[in-house]
There are 4 protein chains.
Amino acid sequence: MHEAKPLPSYLVQRYQGWKVTSYAENRAWYQKLATDGQHPRAMVISCCDSRVNVISMFGAEQGELFIHRNIANLVPPYQPDGKEHGTSAAIEYAVQVLKVAHLIVLGHSNCGGVQGCLNMCRGDAPELEGNHSFVGRWMDILRPKYDDVKDIGDEDTQLRALEKSSVMMSLENLMSFPWLADKVAEDTLTLHGLWVDISAGTLEFYDTQEARFRAV
Amino acid sequence: MHEAKPLPSYLVQRYQGWKVTSYAENRAWYQKLATDGQHPRAMVISCCDSRVNVISMFGAEQGELFIHRNIANLVPPYQPDGKEHGTSAAIEYAVQVLKVAHLIVLGHSNCGGVQGCLNMCRGDAPELEGNHSFVGRWMDILRPKYDDVKDIGDEDTQLRALEKSSVMMSLENLMSFPWLADKVAEDTLTLHGLWVDISAGTLEFYDTQEARFRAV
Amino acid sequence: MHEAKPLPSYLVQRYQGWKVTSYAENRAWYQKLATDGQHPRAMVISCCDSRVNVISMFGAEQGELFIHRNIANLVPPYQPDGKEHGTSAAIEYAVQVLKVAHLIVLGHSNCGGVQGCLNMCRGDAPELEGNHSFVGRWMDILRPKYDDVKDIGDEDTQLRALEKSSVMMSLENLMSFPWLADKVAEDTLTLHGLWVDISAGTLEFYDTQEARFRAV
Amino acid sequence: MHEAKPLPSYLVQRYQGWKVTSYAENRAWYQKLATDGQHPRAMVISCCDSRVNVISMFGAEQGELFIHRNIANLVPPYQPDGKEHGTSAAIEYAVQVLKVAHLIVLGHSNCGGVQGCLNMCRGDAPELEGNHSFVGRWMDILRPKYDDVKDIGDEDTQLRALEKSSVMMSLENLMSFPWLADKVAEDTLTLHGLWVDISAGTLEFYDTQEARFRAV
């Protein structure tokens, strides 16, 4: 059994502040959203990292973005094996039910999950090996990209490269979902790869023509 | 191969607005966050729904909340089987690496995922059956709670009850993670169950003493 | 009495973004526009529909287009009866004061106002009958064109035909304004009829020679 | 008969630019908007003035804002007399059919329509008197506010005051629409009054508590 506690009072206080300010000023909109349902234009897959706030970054407070957040913004390959797949379920709901127009994968600098993957691939992270490490097994999704980055520059350079590779890996795996690939082919869904530098606030997108990330 | 497109210009424009306002005024803090790493106080598990904005609701823009978002804010049971488990990986990272003090599960009204589960349990959603429905297999996590709600009131009442049950289910499954249960036992981690009404803006928490949700 | 509220904060945030980007880079031009007054080259009469953005479509951010938007881009006939006529006032200001060179009527696909007119003419929209329906009485302007479309093809075909007829109706009614007809006669003002397909992004213009709409 | 001309080539060229850039990058969204219909969050009533671009100012390219534009952003009083009332029809469609959450009246500096009203009220604009001036009869809507501004400061001060009064007049007249007042009373619709300075780019909102306009 769990022993859930009341919400810590610092969050109660902030919630009450939100209720009389942001909620109050958008009450009519919230009521409409509840009645008419959501019609988000885009799905964003970003990292759980507390320093990434995609809603603020895109000025999109309520109803605009359907957001899935997991470690290192990863999408696993299509695997209809009857097991539970949270990321695949979120993508299915966004694409098949909500019919979003854009699917955006947002990576970021200083990513702890990607750092763990780098350490693991180098053999420096025994704690991430074995069935008992969920982080390790999750980061296995990114392993195929390690070969692309292992010989370039210093550790910081490799980390940035692998962070961007995690965006690429997700974009590639997205295309393994047949109903998603169909929509991309018929141009009713577009894919986008982004990477944000937390410190500098700069945003880069993957340019397919030039086959590299560059500033928006 | 994927064919990633540049970011739609309306998002470029909004990003540029964010860069010179919100980012600019918090630049020193972002730089410190990048250098020193994140030290979030709490992890929140909430839904992907575009109408739920936990960051705004808790006045927590940068660095405070580690957030995992999936369909219906569900936590599957502990399964160290060597497969990828995105939700479990996020929990492991928050609890074991970041050592958050609070773990909050946030449910909400008008939840499409929970509605799908309700339909499925009643036999009204053949499209959610079978291995090809990721949403169906993901919502299987919540199935054990259907019996608790199937005989109460009308459909709306059942939906609300099942939305709150999804919070309870997640709290129960959280306790199946041994290292998490240890921390709860030694009081270095507290669990919290919340449910927000999108239309009314009201927030309820699970009160273990009274064994029911009530307003914060 | 009214109870005007402060601007919702999501719009405040976006406005602040605009102020430091788009406004900042065009500041000298805005100041000149304020000092010297506007000298738009064309007036556009388009629909209020949120999916039609004539400024973006014609790359015309500041000072170029004088734009009147109403339901279904309709112009009523010339009626100098001392009552308030918003559309006629906008046309008078553009033609007589600003002396625009072009007057463009822009229709569009999926028009809710024209759909309402179609329903009304078929007797399927009792809610649009009677003095209390402003939409119904406004769409009366288009009623004379119903006979031209009622026997052609299926409902979608009729809707598209009536959308284009609303452009024709407006062009015809424009010519009932004597000072406007004078300018057209002396070739100091030209009229243009357009229709844009929201989904396909294609633009058609009315070709007087061929007496039909065709792609630009 | 009208003699509509082909679209001037400078606009054809710009349209073609838009088609391969902005439209192309948002094609999936345009298709969804055409299929699912519009769900704009707000209606904006602004001026036809070519220097006011509410879409850009609020970073809202497609589908977000239902926009009516007329001379001096005026709303006439509720008059269900069976005549055509374009502004009232637009409001009815936004509030009753689209059920927008916010209704924003946006005034601006250097407004030619308001300047005409000021001249007319002073007796300096004989060309605006009589049934043949649509601009004059339209600006009659604002006449009741002249008394409030006629004794304050110089002409520029009076003009700014009357521009803001036109926002107030519209807000007051909006409340004369019974179904709109009902929605305001039940808090499913909020009203907002804004005024933008074209030269300085500053935006003010009407603060009901302080009974004056102040910077956002």
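Residues numbered from 1 in each chain as written. Chains lettered and ligands numbered in written order. Predicted model: local features only at pLDDT ≥ 70, side-chain atom pairs only at ≥ 80, totals over all residues. Heavy atoms only, no water.

Engineer: Tell me about the interface of chain B and chain A, and name the residues and values.
Structural biologist: In this assembly, 98 residues from chain B lie in contact with 96 residues from chain A. Buried area between chain B and chain A, both sides added, is near 8900 Å², and the carbon and sulfur share of it is 60%. Sorting the residues of chain B by area buried against chain A places B:H2, B:E84 and B:F134 first, and these three jointly supply 10% of that buried surface. Inspection of the chain B/chain A interface yields four salt bridges. The partner of A:D187 in a salt bridge is B:K5, and the shortest N-O contact between them spans 3.8 Å. Counting every contact that joins chain B to chain A gives 47 residue pairs in polar contact (both at pLDDT 80 or more). Take the side of chain B that touches chain A: its biggest share by element is nine residues, from helix α1 (residues 9-25) of chain B. (Contact = heavy atoms within 4.5 Å. Buried area = accessible area lost by both parts, 1.4 Å probe. Salt bridge = Lys/Arg side-chain N within 4 Å of Asp/Glu carboxyl O. Polar contact = N/O pair within 3.5 Å; in protein donor to acceptor, adjacent residues only side chain to side chain. Helix = DSSP H or I, 4+ residues; strand = E, 2+ residues; numbered from the N terminus.)

Engineer: If you had to explain the relation of the copies chain A and chain D to someone new, which residues and values would you point to?
Structural biologist: The two copies are related by a screw operation: chain A maps onto chain D through 180° of rotation and 0.0 Å of translation along the axis, at an RMSD of 0.0 Å. In symmetry terms, the pair is related by a two-fold rotation axis. Closest approach to the rotation axis within chain A is made by the C-alpha atom of A:H39, at a distance of 3.9 Å. A share of 100% of interface residues in chain A that are also interface residues in chain D marks the association as one of identical surfaces. (Least-squares fit on C-alpha atoms with pLDDT ≥ 70 in both.)

Engineer: Would you mind going over the relation of the copies chain B and chain A in detail, with residue names and values included?
Structural biologist: Two copies of the chain are present, and they differ by a rotation about an axis and a shift along that axis. Of the transformation placing chain B onto chain A, the axial shift is 0.0 Å and the rotation is 180°, giving an RMSD of 0.1 Å. When you check the interface residues of chain B against chain A, 98% turn up at the interface there too, and the contact is symmetric in its surfaces.

Engineer: Describe helix α5 (residues 112-121) of chain C, naming the residues involved and giving the relevant values.
Structural biologist: Of all 10 residues making up α5(C), seven are buried, and the element is well covered by its neighbours. When α5(C) is considered as a whole, its buried residues turn out to be C:G113, C:V114, C:G116, C:C117, C:L118, C:M120 and C:C121. Buried residues belonging to α5(C) abut α6 (134-139), α7 (146-149) and α8 (155-174) of chain C together with α4 (86-97) of chain D. Positive phi shows up at C:G123, right after α5(C), with a value of about 85°. (Buried < 20%, exposed > 50% of the residue type's maximum accessible area, 1.4 Å probe, protein only.)

Engineer: So what about the pairing of strand β6 (residues 212-215) of chain B? Which residues, and what values?
Structural biologist: All names here are of chain B. Bridge count between strand β5 (residues 203-207) and β6: four bridges; the pairing is antiparallel. Considered in β6, the bridge of E204 is made with A215. If you look at the hairpin formed by β5 and β6, you'll find four residues sitting between the two strands, and A211 has a positive phi there, around 50°. (Pairing = 2+ DSSP bridges.)

Engineer: A description of empty space enclosed by the protein should follow, citing residues and the corresponding values.
Structural biologist: Under the counting rule described, the total for this entry stands at 15 cavities of 30 Å³ or more. Considering only enclosed or pocket space, the largest cavity measures out at about 360 Å³ in volume. In this structure, the largest cavity is lined by 25 residues; those nearest its centre are A:H39, A:G63, D:W29, D:H39 and D:G63. Going through the elements one at a time, α2 (27-36) of chain A, α1 of chain B, α1 (9-25) of chain C together with α2 (27-36) of chain D are the ones with two or more residues in the lining of the largest cavity. The residue inventory of the lining of the largest cavity, partitioned by class, reads seven nonpolar, eight polar and 10 charged. (1 Å grid on protein atoms, 1.4 Å probe; cavity = no way out; pocket = protein on both sides within 12 Å on 5 of 7 lines; lining within 4 Å. Points joined across faces, edges and corners; volume = space filled by probe spheres on them. Nonpolar A, V, L, I, M, F, W, Y, C, P; charged D, E, K, R; others polar.)

Engineer: Break down the state of the cysteines for me, with residues and values.
Structural biologist: Scanning the entire structure with this criterion turns up zero disulfides over all chains. Free of any disulfide, C:C48 has its nearest cysteine sulfur in C:C47, 5.6 Å distant. Judged by its relative accessible area of 0%, C:C48 is buried. Its sulfur unpaired, D:C117 is 4.0 Å from the next cysteine sulfur, which belongs to D:C121. With a relative accessible area of 0%, D:C117 lands in the buried category. (Disulfide = S-S within 2.5 Å.)

Engineer: How would you summarise the nonpolar core if you had to cite specific residues and measurements?
Structural biologist: Grouped together as the largest cluster of nonpolar side chains are 54 residues, with contacts concentrated most on C:I71, C:M139, D:M43, D:I91, D:L103, D:L174 and D:L180. When residues in this core are grouped by element, the largest group, six residues, is from α4(D). (Core = buried A, V, L, I, M, F, W, Y, C linked by side-chain atoms within 4.5 Å.)

Engineer: Can you tell me about the interface of chain A and chain D, naming the residues and giving the values?
Structural biologist: If you look at the interface, chain A gives 22 residues, while chain D gives 22 residues. For the chain A and chain D pair, buried surface summed over both sides reaches about 1700 Å², with 51% attributable to carbon and sulfur atoms. Taking the shortest distance from any N to any O, the salt bridge between A:D187 and D:R27 comes out at 3.1 Å. Where chain A meets chain D, there are 10 residue pairs in polar contact (both at pLDDT 80 or more). Per-element accounting of the side of chain A that touches chain D gives the leading share, five residues, to α2(A). Its residues assigned to classes, the side of chain A that touches chain D comprises seven nonpolar, seven polar and eight charged.

Engineer: I'd like to hear about unusual backbone geometry, residue by residue, with values.
Structural biologist: A positive phi angle, near 45°, is found at B:N73, a position not held by glycine. The residue B:N73 is located in the loop between β2 (65-70) and α4 (86-97) in this model. Residue class for B:N73 comes out buried when judged on its relative accessible area of 1%. In the Ramachandran plot, D:K99 falls in the positive-phi region, its phi being about 55° despite a non-glycine side chain. Here D:K99 is to be found in the loop between α4 and β3 (102-108). A residue is classified by how much of its surface remains accessible, and D:K99, at 41% relative accessible area, is partly exposed.

Engineer: Now, about the UniProt feature "binding site: Zn(2+)" (unreviewed entry) in chain A: what can you tell me, with residues and values included?
Structural biologist: Per the UniProt record, "binding site: Zn(2+)" (unreviewed entry) is found at A:C47, A:D49, A:H108 and A:C111. A maximum C-alpha distance of 8.9 Å places the annotated residues, which cover 65 residues in sequence, within one compact spot. Here A:C47 is to be found in strand β1 (residues 42-47). Note that A:D49 resides in the loop between β1 and α3 (54-57). What A:D49 contacts, discounting residues up to four positions off in sequence, is A:R69, A:H108, A:N110, A:I198, B:Q38 and B:F66. Among the polar contacts listed, one links the side chain of A:D49 to the side chain of A:R51, at a separation of 2.7 Å. (UniProt positions renumbered as here; feature names shortened; annotations may be inferred.)

Engineer: Outline α4(D), supporting the account with residue identities and numerical values.
Structural biologist: Across its 12 residues, α4(D) extends 16 Å between first and last C-alpha, which sits within 8% of the 16 Å expected from 1.5 Å per residue. Those residues of α4(D) lying buried are D:G86, D:T87, D:S88, D:A89, D:A90, D:I91, D:E92, D:Y93, D:A94 and D:V95. (Expected span 1.5 Å × (residues − 1).)

Engineer: I'd love a proper account of the packing of aromatic side chains, names of residues and values included.
Structural biologist: Throughout the structure, instances matching the rule amount to 40 aromatic pairs over all chains. With 5.9 Å between their ring centres and 35° between their planes, C:Y15 and C:W18 make a pair best called tilted. You can see C:Y15 and its partner C:W18 sitting in helix α1, three residues apart, about one turn around the helix. Judged by its relative accessible area of 5%, C:W18 is buried. Ring pairing ties together the aromatic residues A:Y15, A:W18, A:Y23 and A:Y30, which thus form one cluster. Here D:K164 stacks its cationic end above the ring of D:W195, 4.5 Å away from the centre of that ring. (Phe/Tyr/Trp six-rings, centres within 6.5 Å; stacked < 30°, edge-to-face > 60°. Lys NZ or Arg CZ within 6 Å of the ring centre and 35° of its normal.)

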